[in-house]
Amino acid sequence: MGKKNHKKAIRSLRQPIAEHLEKIRIESEKDFPDRGLIRHWENEIRAFEKGIQQAQKRLGK
């Protein structure tokens, strides 16, 4: 993959992170938040962040 593809991968991973953070915020505000669902989203965020780190590493950042 070239530089352009790595930059695109980083951009495309940032959007679901923002979406998941919003889902976590909304779920946390409920009277009885689903902790399993929140944990699932947090795990996905970590996976997205790992993908970003790998792409940045390949870019030399």
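Relevant structure appears above.
Residues numbered from 1 in each chain as written. Predicted model: local features only at pLDDT ≥ 70, side-chain atom pairs only at ≥ 80, totals over all residues. Heavy atoms only, no water.

This paragraph deals with the environment of Ala9. If you trace the backbone, Ala9 turns up in helix H1 (residues 3-28). For the pair Ala9 and Ile52, spaced 43 residues apart in the sequence, the C-alpha separation amounts to 7.4 Å. (Helix = DSSP H or I, 4+ residues; strand = E, 2+ residues; numbered from the N terminus.)

Now for the nonpolar core. Residues Ile10, Leu13, Ile17, Ile24, Ile38, Trp41, Ile45, Phe48, Ile52, Ala55 and Leu59 constitute the largest nonpolar core, which totals 11 residues. When residues of this core are traced back to their parent elements, those giving at least two are H1 and helix H2 (35-59). The element contributing the most residues to this core is H2, with seven residues. With sequence-adjacent residues up to four places away left out, Trp41 is seen in contact with His20, Lys23, Ile24 and Glu27. (Core = buried A, V, L, I, M, F, W, Y, C linked by side-chain atoms within 4.5 Å. Buried < 20%, exposed > 50% of the residue type's maximum accessible area, 1.4 Å probe, protein only. Contact = heavy atoms within 4.5 Å.)

This brings us to a positive patch on the surface. Taken together, the side chains of Lys3, Lys4, Lys7, Lys8 and Arg11 make up a positively charged region of the molecular surface. Within the secondary structure layout, Lys4 lies in helix H1. (Patch = residues over 30% accessible without salt bridge, like charges linked within 9 Å, V, L, I, M, F, W, Y side chains within 5 Å. Areas by Shrake-Rupley, 256 points an atom, 1.4 Å probe, with all protein chains shown as cover. Salt bridge = Lys/Arg side-chain N within 4 Å of Asp/Glu carboxyl O. Lys, Arg positive; Asp, Glu negative; His and termini not counted. Charge placed at Lys NZ, Arg CZ, Asp CG, Glu CD.)

These figures capture arrangement, not role.
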